[in-house]
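# Descriptive structure summary
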Amino acid sequence: MAKKEQVVDLISTFQEFKENKNIDRATLISVLEESFRKVIAGMFGSDDNYNVIVNPDKGDCEIYRSRLVVADDEVTDPNREISLTDAKKVEPDYEIGEEVSDRVNFADFGRRAILNLRQTLASKILDLEHDNLYNKYKDQVGEVVAAEVYQVWKRETLLVDEDNNELLLPKSEQIPGDYFHKGETARAVVLRVDNANNNPKIILSRTSPVFLERLLEAEVPEINDGLITIKKVARIPGERAKVAVESYDDRIDPVGACVGVKGSRVRGIVRELHNENIDVVNYSSNIDLFIRRALSPATVTSVELNVEEHKANVYLDADQVSLAIGKGGTNIKLASMLTEYTIDVFRNVNEDEQEDDVLLDDFADEIDQWVIDAIKSIGLDTAKQVLGASRNMLIEKADLEEDTVDEVLRILNEEFEKE
């Protein structure tokens, strides 16, 4: 009875492996044969005198063992030697010195051997699945995938693809406002594939600039056809993005083609990105012109470049300063990311204003020197220059507290109110 149960266990091992694992026939045979050999080698120290023939369709295998025929009283290793008497039971005409190849029933090796086989198969199956997962996604880095939301946790969301492979979308790679429900489909770009200890993890991202780039490629045929090239993408996920595009065909307006009639081509992308505003600008290899375009919708008067340090001082009329900086400094931050230049904004000052202006150092008795130095470090040396800059610029660029900036502005305003 026990032997019959072992045979049933062995057949079920085959069936489970064959039916539940999505692998090709050649790999199936190879893995099964290797597993049998590993178990046999573990039992006898070597498998070189065994021939394993796997029959995956039938759910079994044939194992043949070769042994040397020796005299009845000279058998020292029953796994490699067979007595002449036993050899003649296989074939009557066997003689000493010949090799006998007889079939072995794996179930005869016992329950422990079958258990070891199942464990070995499970380990090899896991390695095979990891290899398949890694090979599937290693070449998809930078591509958009759609997967089903399986589980939502505090720090990450677990998704599964059509093959039930697990994909991870960390909270840090989610757009502010992303809220997923189990069972819905989510889109993201494959950010990277980690494969530590042959345990691949597929990391997705919805905040990567590449995600926006791929969405634009899908919506704008001219990009997909190579008529328009995306040169650079800068994003503050969920808030605003700037995309620099270029066309080598003078007949094509790259900005107009990307935006579409009344924004038709970016409307769906904006919804996907939770109303992230998308500015599309013409790329230029002329960095002066590119910086001007990147600061749109502000109109720039002049640009001073420090090419070696990748810095630019930009001068604008007073009514354009706030446009250049943008709400919360987003416009100037994105322009800096897009052009890869550190951009400082200055307000144009006419001669009359310069005559009435006062140096910041003259307020040392009312404003702490470290505050004055912080403001001067961003290129603002006079009271009117500070008053002409935006409050947010002073907070972010000079790295000052809101209360400190408000106090400085109050002191400077009072100076001119006195006059």
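For the structure, see preceding data.
Residues numbered from 1 in each chain as written. Predicted model: local features only at pLDDT ≥ 70, side-chain atom pairs only at ≥ 80, totals over all residues. Heavy atoms only, no water.

### Some remarks on the overall build of the protein chain
Going by this rule: Secondary structure counts use DSSP, requiring at least four H or I residues in a row for a helix and at least two E residues in a row for a strand, with both numbered from the N terminus. Radius of gyration: over C-alpha atoms. The globule rule applied is 2.2 Å multiplied by the number of residues raised to the 0.38 power. Per-residue accessibility, obtained with a 1.4 Å probe over protein chains only, is compared with the maximum for each type, and a residue is labelled buried under 20%, exposed over 50%, and partly exposed between these values. Contact definition: two residues touch when any of their heavy atoms are within 4.5 Å. Using a 1.4 Å probe, accessible areas were evaluated by the Shrake-Rupley method; residue-level cover was limited to the displayed protein chains.
On a plain count of helices and strands, the protein chain comes out with 16 helices and 15 strands. Its C-alpha atoms give the protein chain a radius of gyration of 37 Å, clearly above 22 Å, the size a compact globule of 419 residues would have. Each principal axis of the C-alpha atoms in the protein chain carries an extent, and together these give about 125 × 55 × 40 Å. Within the span of the protein chain, comprising 419 residues, buried residues form 43% of the whole. The contacts in the protein chain between residues at least 6 apart in sequence include a share of 58% that link residues at least 24 apart. Surface accessibility of the protein chain: about 22,900 Å² in total, with carbon and sulfur atoms responsible for 45%.

### Section: the packing of helix 9 (residues 287–294) against helix 11 (residues 330–339)
Packed helices, taken two at a time, are described by the angle between their axes plus the distance between the axes. For clarity, the threshold we go by: Helix axes are fitted only over the stretch in contact, all axes being lines through C-alpha atoms; the angle between N-to-C directions runs from 0 to 180 degrees. Take the far helix as the reference: if the near one is turned anticlockwise from it by less than a right angle, the crossing is left-handed, and if turned clockwise, right-handed. Three categories are distinguished: nonpolar for Ala, Val, Leu, Ile, Met, Phe, Trp, Tyr, Cys and Pro, charged for Asp, Glu, Lys and Arg, and polar for the others, with Gly belonging to the last.
Running from N to C, helix 9 and helix 11 point in directions that differ by 150 degrees, and their axes come no closer than 9 Å. In the packing of helix 9 onto helix 11, the handedness of the crossing is right-handed. Residues Ile287, Phe290, Ile291 and Ala294 of helix 9 touch helix 11, and the partners they reach there are Asn331, Ala335, Leu338 and Thr339. Partitioned by chemical class, the residues of the contact of helix 9 with helix 11 number six nonpolar, two polar and no charged.

### Regarding the pattern of salt bridges
Basically, it comes down to this: Any carboxyl oxygen of Asp or Glu within 4 Å of a side-chain nitrogen of Lys or Arg constitutes a salt bridge here.
Per the counting criterion, the structure on display carries 29 salt bridges. Among the salt bridges present, the one from aspartate 194 reaches arginine 192, with a minimum N-O distance of 3.2 Å. When the shortest N-O distance is used, the salt bridge between glutamate 309 and lysine 311 registers 3.6 Å. Residue classification places glutamate 309 among the partly exposed positions, given a relative accessible area of 49%. Among the charged side chains, a salt-bridge network with shared partners connects Lys136, Asp161, Glu162 and Asp163.

### Some words on a negative patch on the surface
This is how it is decided: Residues form patches when they are more than 30% accessible in relative terms and have no salt bridge. Like charges link within 9 Å. Nonpolar side chains (Val, Leu, Ile, Met, Phe, Trp, Tyr) link within 5 Å. Charge convention: Lys and Arg are scored as positive, Asp and Glu as negative, and His as well as the terminal groups of each chain are ignored. By convention, the point assigned to a charge is CZ for Arg, NZ for Lys, CD for Glu and CG for Asp.
Side chains of Glu91, Asp93, Glu95 and Glu98 sit close together on the surface and give a patch of like negative charge. Turning to its location among the elements, aspartate 93 is positioned in the loop between helix 3 (84–90) and strand 4 (99–104).

### Examining the sheet that holds strand 13 (residues 302–306)
This is how the line gets drawn: In short, DSSP must find at least two bridges between two strands for them to pair.
If you walk across this open sheet you meet the three strands as 13-14-15, and the pairing is mixed. Both edges of this open sheet fall to strand 13 and strand 15 (342–347), since each of them pairs with a single strand only. Each strand axis lies, on average, 20 degrees off the axis of its neighbour in the sheet, ignoring direction. Summarising the sheet, strand 14 (residues 311–316) and strand 15 pair through six bridges and their orientation is parallel. Bridge pairing in strand 15 links asparagine 313 to aspartate 344.

### Structural notes on helix 8 (residues 264–272)
Test applied: Note that the arc is computed from the directions linking the helix axis to the C-beta atoms.
Within helix 8, burial applies to Val266, Ile269, Val270 and Glu272. Buried residues along helix 8 cover an arc of 155 degrees about the axis, so they all sit on one side. A positive backbone phi angle near 55 degrees is found at histidine 274, which sits one or two residues after helix 8.

### Some details on the pairing of strand 10 (residues 228–236)
Sheet analysis places strand 10 next to strand 11 (residues 240–247), joined by eight bridges and oriented antiparallel. The partner of valine 233 across the bridge, within strand 11, is valine 243. In textbook terms, the turn of a hairpin is the stretch between consecutive antiparallel strands, and for strand 10 and strand 11 this stretch comprises three residues, one of which, glycine 238, has a positive phi near 85 degrees.

### Thoughts on the packing of helix 5 (residues 209–219) against helix 8
At a minimum axis separation of 9 Å, helix 5 and helix 8 run at an interaxial angle of 145 degrees. Of the two elements, helix 5 crosses helix 8, and the hand of that crossing is right-handed. Counted together, Phe211, Leu212, Leu215, Leu216 and Glu219 of helix 5 and Arg265, Val266, Ile269 and Glu272 of helix 8 form the full contact between these two elements. Grouping the amino acids of the contact of helix 5 with helix 8 by side-chain chemistry returns six nonpolar, no polar and three charged.

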